[in-house]
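# Working through the structure, step by step
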Amino acid sequence: MRWLMDGHDVVLRDAVFDLMASSELFHLKKVGEQLYVGPDYNEPFHVQREMTMKRIFFLRDKGLFKGWLTDNGQEVAYKKLAIQETFGIFDHSLAIKNGVHFQLWGGAIQFLGTKRHHDKWLQATEDYVVKGCFAMTELGHGSNVRGIETVTTYDSSTQEFIINTPCESAQKYWIGGAAEHATHTVVFSQLHINGRSEGVHAFIAQVRDDQGRICSGVRIADCGHKIGLNGVDNGRLWFDNLRIPRENLLNSVADVTEEGLYVSSIKEPEQRFGAFMAPLTGGRVTIAVGAIFQAKLGLQTAIRYALTRRAFSLSPNEPEVLLLDYPSHQRRLLPLLAKTYAMSFAANDLKDVYVKRTPSDAKIIHVLSSGYKAMFFMAQIFEHSRSVVKLVVDRV
Ligand SMILES: Cc1cc2nc3c(=O)[nH]c(=O)nc-3n(C[C@H](O)[C@H](O)[C@H](O)COP(=O)(O)OP(=O)(O)OC[C@H]3O[C@@H](n4cnc5c(N)ncnc54)[C@H](O)[C@@H]3O)c2cc1C
């Protein structure tokens, strides 16, 4: 059944889990001979963040991320998905922190950059020589990316772009990796050239030096403790007329010449904006798929408990009844179990379309990943957790 549900790389998934279990970095506790593998959610959030980073470096040193950005083959693409899903079972923070670095920062360089960016950044990202984040969302604009207020202008006398946060609502907000670890970020910003707005574009900016000190022209604040995902350091970013080289514009869609002339092969601003959203697709696919593994974890706990715990006998001489033999219990858990199977198969289908994609698949991938993300995520958050919580409340 696991071969069917996981769909691919089952042996690899087990090997990755064994690798994690082999290191103390992944141990929660040992009781007698029983070893518990898992994160400690009771640690302060700074400790949880440091543990996530140490775990990533351990996995990097074991060669787990080899080829993630430099090999575009389908085999690596499936492996990446399997490994990210295994990380998600261990701890959502591990999957998200690594996903932001590889899929958002790395994906932006892959999809929005050209050879000069690929040569400079992809291997360094794969090796975690640079730690990347992805600064799109602002305090004032989230879903509506087109409305972001960060402004970038060009100075032809020095051939530099100047990135500025013009008001408080333009601060970059919720940026994963920004609060403590990131050295670089992709900044999404309005590009103003010769007084004309050319819409949202993406730029590479360094935010910390190799000693972890914040660069001048950048301010960073911490989003602090969250109700979950505390192993990820989400932060806020402001740019005070930060100057970056002209080459740091990710220019697969549009470019600015040395003299300050705006050039783009895509004339229609609407289509240009769509092209800039490309790096979000990989993340959307993995977030949709990842939600199913969270649902599986919750259901596994609830169902296993219901198959062990007994409560009340029907008559004095009979054993107590298993929780899962109560129809009320079955009615709450089993439809969710069935739904999780269905979501699993749908997710495998989406992954196949995504990994084997051709340019003409872009629309269907966008539609499926957006729909599944909303459906799987909401199913997991609202239906599963509500039912499992309700079961506990019913019992009390
Ligand atoms: C833990 C975490 C990590 C994050 N990491 C990053 C990161 O690394 N980089 C980054 O750039 N961003 C990051 N984000 C930000 C995330 O991308 C935004 O939260 C998201 O885009 C939504 O934007 P918003 O929070 O401003 O909500 P809003 O856009 O203000 O939406 C508010 C509500 O209105 C609804 N809504 C909005 N528009 C519509 C519409 N047209 N029709 C119907 N309903 C609508 C939304 O569904 C939502 O319920 C992160 C967020 C979180 C919570």
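Residues numbered from 1 in each chain as written. Predicted model: local features only at pLDDT ≥ 70, side-chain atom pairs only at ≥ 80, totals over all residues. Heavy atoms only, no water.

## Overview of the overall build of the protein
Test applied: Helix and strand labels come from DSSP, where a helix needs a run of H or I of at least four residues and a strand needs a run of E of at least two; each type is numbered from the N terminus. Throughout, radius of gyration means the C-alpha value; the globule benchmark is 2.2 Å times the number of residues raised to the power 0.38. The buried label applies to any residue whose accessible area, calculated with a 1.4 Å probe on protein chains only, is under 20% of its type's maximum; exposed applies above 50%, and partly exposed to all values in between. Any two residues whose heavy atoms approach within 4.5 Å at even a single point are treated as in contact. Computed by Shrake-Rupley with a 1.4 Å probe, the accessible areas treat only the displayed protein chains as cover when residues are assessed. For the charge count, each Lys or Arg is scored as positive and each Asp or Glu as negative, with His and the chain ends excluded. Here the site of a charge means atom NZ of a Lys, CZ of an Arg, CG of an Asp or CD of a Glu.
Across its full length, the protein holds 10 helices and 13 strands. For 396 residues, the compact-globule formula gives about 21 Å, and the C-alpha radius of gyration of the protein, at 23 Å, lands near that figure. Considering only C-alpha atoms, the protein reaches an extent of 90 × 45 × 40 Å along its principal axes. Burial statistics for the protein: of 396 residues in total, 49% are counted as buried. Taking contacts inside the protein between residues at least 6 apart in sequence as the whole, the part at least 24 apart equals 69%. Of the accessible surface of the protein, which amounts to about 19,400 Å², a share of 56% is contributed by carbon and sulfur atoms. In the protein, the 45 positive side-chain charges and the 43 negative ones have mean positions that sit 4 Å from each other.

## Remarks on a nonpolar patch on the surface
Worth spelling out the cut-off: Residues enter patches when their relative accessible area tops 30% and they take part in no salt bridge; the joining distance is 9 Å for like charges and 5 Å for the nonpolar side chains Val, Leu, Ile, Met, Phe, Trp and Tyr. Salt bridge, as applied in this entry: a Lys or Arg side-chain nitrogen positioned within 4 Å of an Asp or Glu carboxyl oxygen.
A cluster of nonpolar side chains, namely Met 1, Leu 4 and Phe 345, defines an oily patch on the protein surface of about 330 Å² accessible area. Relative to the helices and strands, Met 1 resides in the segment before helix H1 (2-6). You can call Met 1 exposed: its relative accessible area is 60%.

## Focus: the domain arrangement of the protein
Quick reminder of the rule: For the domains described, the bounds stem from an automatic or database domain assignment. Once two parts are brought into contact, the accessible area they lose, counted with a 1.4 Å probe and summed over both, makes up the buried area. In protein, a polar contact requires one atom able to donate a hydrogen and another able to accept it; more generally it is a pair of N or O atoms within 3.5 Å, and residues adjacent in sequence count only if both atoms are side-chain atoms. Each residue gets one label: Ala, Val, Leu, Ile, Met, Phe, Trp, Tyr, Cys and Pro are nonpolar, Asp, Glu, Lys and Arg are charged, and the others, such as Gly, are polar.
For the protein, the domain assignment lists domain 1 (2-126), domain 2 (132-267) and domain 3 (280-395). Between domain 1 and domain 3, the C-alpha centre-to-centre distance is 23 Å. Contacts between the two partners involve 17 residues from domain 1, matched on the other side by 19 residues from domain 3. Overall, the association of domain 1 and domain 3 removes approximately 1,600 Å² of surface from exposure, summing both partners, and the carbon and sulfur fraction of that is 66%. Applying the counting criterion to the domain 1 and domain 3 interface returns 2 salt bridges. Here domain 1 and domain 3 share 7 residue pairs in polar contact (both at pLDDT 80 or more) between them. Elements with a minimum of two residues in the side of domain 1 that touches domain 3: H1, helix H4 (74-90) and helix H5 (92-112). Across the side of domain 1 that touches domain 3, the residue classes break down as 8 nonpolar, 6 polar and 3 charged.

## Quick word on the site of the ligand
What counts here: Working definition: residue near molecule or strand if any one of its non-hydrogen atoms lies within 4 Å of it.
Within the structure, the ligand sits among Phe 134, Met 136, Thr 137, Gly 142, Ser 143, Trp 174, Ile 175, Gly 176, Leu 229 and Asn 234. In this structure, an oxygen atom belonging to the ligand sits 2.6 Å away from a side-chain N or O atom of Ser 143. For the ligand, an oxygen atom lies 3.0 Å from a polar atom in the backbone of Gly 176. The leading source of residues in the shell around the ligand is strand S6 (residues 172-176), at 3 residues. Classifying every residue of the shell around the ligand gives 5 nonpolar, 5 polar and no charged.

## Thoughts on the state of the cysteines
We count it as follows: Throughout, a disulfide means two cysteine sulfur atoms within 2.5 Å of one another.
According to the stated counting rule, one finds 0 disulfides in the structure shown. As a non-bridged cysteine, Cys 215 has Cys 133 as the owner of its nearest cysteine sulfur, 12 Å distant. Free cysteine: Cys 223, not disulfide-bonded; nearest cysteine sulfur from Cys 133 at 11 Å.

## Observations concerning the sheet that holds S6
Applied cut-off: Two strands form a pair only when DSSP identifies at least two bridges running between them. Here, axes are lines fitted to C-alpha atoms. For helices the fit covers the stretch in contact, and angles between N-to-C directions go from 0 to 180 degrees.
Strand order in this open sheet of 3 strands is S6-S10-S9, and the pairing throughout is antiparallel. Looking along the sheet, the strands with just one partner apiece sit at the ends: S6 and strand S9 (218-222). Direction aside, neighbouring strands of the sheet carry axes that sit 35° apart on average.

## Some remarks on H5
What counts, and what does not: The term bend refers to the angle at a residue between two fitted axes, each drawn through seven residues, those ending there and those starting there.
Of all the bends found along H5, the most pronounced is centred on Gly 99 and spans about 35°. Burial analysis of H5 places 17 of its 21 residues in the buried class, the great majority of the element.

## Notes on the nonpolar core
Generally speaking, a soluble globular protein has its nonpolar side chains buried in company with each other. Note the threshold: The criterion is simple. A nonpolar core is a set of buried Ala, Val, Leu, Ile, Met, Phe, Trp, Tyr and Cys residues joined through side-chain atoms within 4.5 Å.
Core analysis: the largest hydrophobic core is formed by 44 residues, its most contacted members being Leu 59, Phe 65, Phe 87 and Phe 188. Those elements that provide at least two residues to this core are helix H2 (10-21), helix H3 (45-61), H4, H5, helix H6 (115-126), strand S7 (184-193), strand S8 (196-206) and helix H7 (269-276). Counting the residues that make up this core, at least three belong to each of domain 1 (2-126) and domain 2 (132-267). Beyond its immediate stretch of four places on either side in the chain, Phe 87 contacts Val 16, Met 20, Leu 59, Leu 64, Phe 65, His 92, Leu 94, Ala 95 and Asn 98. Among the nonpolar cores identified, the runner-up in size contains 25 residues, and Tyr 154, Ala 182, Leu 242 and Leu 249 belong to it.

## Concerning the packing of aromatic side chains
As a reminder, the rule being used: Each Phe, Tyr or Trp ring, with Trp reduced to its six-membered ring, pairs with another whose centre is within 6.5 Å; inter-plane angles below 30 degrees give stacked pairs, above 60 give edge-to-face pairs, and intermediate values give tilted ones.
All chains considered together, the criterion is met by 15 aromatic pairs. A centroid spacing of 5.0 Å and a plane angle of 70° characterise the contact between Phe 65 and Trp 68, whose relative ring orientation is edge-to-face. Look at Phe 65 and you get buried, because its relative accessible area is 2%. The interplanar angle of 90° and the centroid separation of 6.3 Å between the aromatic rings of Phe 65 and Phe 87 together place this pair among those described as edge-to-face. Remark: Phe 87 occurs in helix H4 and Phe 65 occurs in the loop between H3 and H4; sequence separation between them is 22 residues. Accessibility expressed as a relative area gives 0% for Phe 87, which makes it buried.

## Observations concerning empty space enclosed by the protein
To keep things clear, this is the line we draw: Using a 1 Å grid laid over the protein atoms alone, points where a 1.4 Å probe fits but cannot get out form a cavity; open sets with protein on both sides within 12 Å along at least 5 of 7 lines form a pocket; any residue with an atom within 4 Å of a point counts as lining. Grid points are joined across faces, edges and corners, and a volume is the space filled by probe spheres set on the points.
Tallied over the full model, the rule gives 2 cavities of 30 Å³ or more. Space inside the largest cavity adds up to approximately 90 Å³. Taken together, Met 53, Ile 56, Lys 97, Val 100, His 101, Tyr 128, Lys 131, Gly 132, Gly 176, Gly 177, His 181 and Ala 182 make up the lining of the largest cavity. Among the elements of the structure, H3 and H5 are those that each provide at least two residues to the lining of the largest cavity. Per-element tally for the lining of the largest cavity: the top contributor is H5, with 3 residues. Looking at side-chain class alone, the lining of the largest cavity contains 5 nonpolar, 5 polar and 2 charged residues. Counting residues domain by domain, the lining of the largest cavity receives three or more from each of domain 1 (2-126) and domain 2 (132-267). The volume enclosed by the second largest cavity comes to roughly 40 Å³. Around the second largest cavity, the lining residues are Met 5, Asp 6, Glu 85, Val 289, Ile 292, Phe 293, Lys 296, Ser 344, Ala 347, Asn 348 and Lys 351.

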